[in-house]
Amino acid sequence: MKVENQLKSRRIDYKLEEDYFYGARFIFECGYKLKGNPLTLATAATIYHRFYREVEFSHYDKYLIAATALYIAGKMSDDYKLRDVINVAHYTLHKSILDLKDEYWMRRDALLQAELLVMRVLKFKVDPPECHRYLLHYLKSLQGWLDRDSWERVPVAQSSLAFLQDLHHSPQILDATPQDLALSCIYITLQSYGLEVAPKEDWYTALYKDANLGTIIDTLLELYNKVGN
């Protein structure tokens, strides 16, 4: 699908962007370049959003905080190294290769100081989000409810994961349950491909009786509208 790739395909000059959204967008662009796994990148985005829930946005460089969140998440999963984060973040922001002399060490020190700040603000609680685990669990159940041809023909799992990653561009993920986040992404995927889950009309309530998907779906559509404008 084209729609779920919008947030990672548009070229952006981050130095010209002041909006909070672009710090999260920066995390994902750098993360894809680092070949980080989806859970690591979602963890980094969650750290970024949680940090700015606690502090004044204008008081901190959002791209330094974004790179720091990416480093913390990568260190937890052993996905990539500090040097790689610094080099990729610099190139993504400035479109130039970082001087490996004094400038590198200055940026390294700044990121390590920012790491201490972020960890203190978050009280050292930086656990990975649970929505990916729920997504896998629900997809296994859904596979038994869809006919085999539809499941093999349509990339339900891949598209649902792509929507879930895109949702992590928004701080609204902090206000939703992991169950609702996972189910909303599956719901949007099924709607996008015109798939019906028979015989369960409200299949998502069978998986999670308190499901409330409307706000999350609206959040994702607003993100795509933001990128498209």
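Our subject is the structure listed above.
Residues numbered from 1 in each chain as written. Predicted model: local features only at pLDDT ≥ 70, side-chain atom pairs only at ≥ 80, totals over all residues. Heavy atoms only, no water.

Caption draft 1: Molecular detail of helix H6 (residues 102-121). Look at H6: 29 Å from first C-alpha to last across 20 residues, which is about the 28 Å you get at 1.5 Å a residue. By the burial criterion, the buried members of H6 are Tyr104, Leu111, Ala114, Glu115, Val118 and Met119. The buried residues of H6 occupy an angular sector of 130° when the element is viewed end-on, so they sit on one face. Turned more than 90 degrees off the buried face of H6, the exposed positions are Asp102, Met106, Gln113 and Arg120. Its buried side turned inward, H6 meets helix H3 (38-54), helix H4 (62-77) and helix H5 (82-94). Looking one or two residues beyond H6, the residue adopting positive phi is Lys123, at roughly 55°. (Helix = DSSP H or I, 4+ residues; strand = E, 2+ residues; numbered from the N terminus. Expected span 1.5 Å × (residues − 1). Buried < 20%, exposed > 50% of the residue type's maximum accessible area, 1.4 Å probe, protein only. Arc of directions from axis to C-beta. Contact = heavy atoms within 4.5 Å.)

Caption draft 2: Local environment of the packing of aromatic side chains. Under the criterion given, the structure shown has 17 aromatic pairs. Ring centres 5.1 Å apart and planes at 65° place the aromatic pair Tyr52 and Phe57 in the edge-to-face group. Taking 5.5 Å as the distance between ring centres and 80° as the angle between the ring planes, the aromatic pair formed by Trp203 and Tyr204 counts as edge-to-face. As far as the burial class goes, Trp203 and Tyr204 line up, both buried. These aromatic residues form a ring-pair network of at least three members: Tyr20, Tyr48, Phe51, Tyr52, Phe57 and Tyr60. Lying across the ring of Tyr134, Arg133 places its NZ or CZ 5.0 Å from the centre. (Phe/Tyr/Trp six-rings, centres within 6.5 Å; stacked < 30°, edge-to-face > 60°. Lys NZ or Arg CZ within 6 Å of the ring centre and 35° of its normal.)

Caption draft 3: Region of interest: the pattern of salt bridges. Applying the stated rule across the entire model yields 10 salt bridges. For Glu29, the salt bridge is made with Arg25, and the minimal N-O distance between the two is 3.3 Å. Highlighted residues: Glu29 and Arg25, both in helix H2 (residues 21-33), separated by 4 residues, approximately one helical turn. Of the residues examined, Arg25 reaches a relative accessible area of 2% and is grouped as buried. Across the salt bridge formed by Arg53 and Asp175, the nearest N and O atoms sit 2.9 Å from each other. With Arg53 in helix H3 and Asp175 in the loop between helix H9 (156-167) and helix H10 (178-193), this pair connects stretches of sequence that are 122 residues apart. Exposure remark for Arg53: the relative accessible area of 43% places this residue in the partly exposed category. Residues participating in the shared-partner salt-bridge network are Arg25, Glu29 and Lys33. (Salt bridge = Lys/Arg side-chain N within 4 Å of Asp/Glu carboxyl O.)

Caption draft 4: A look at H9. Spanning 12 residues, H9 covers 17 Å between terminal C-alpha atoms, matching the ideal 16 Å at 1.5 Å per step. The buried count for H9 comes to 9 of 12 residues, which makes it a mostly enclosed element. All buried positions along H9 are accounted for by Val156, Ser159, Ser160, Ala162, Phe163, Leu164, Gln165, Asp166 and Leu167.

Caption draft 5: Broad picture of unusual backbone geometry. A positive phi is found at Lys35, a non-glycine position, where the angle reads about 60°. Among the secondary structure elements, Lys35 is positioned in the loop between H2 and H3. Residue classification places Lys35 among the exposed positions, given a relative accessible area of 71%. Even without a glycine there, the phi angle at Asp78 is positive, about 55°. Structurally, the position occupied by Asp78 is in the loop between H4 and H5. Asp78 sits in the exposed class, given a relative accessible area of 55%.

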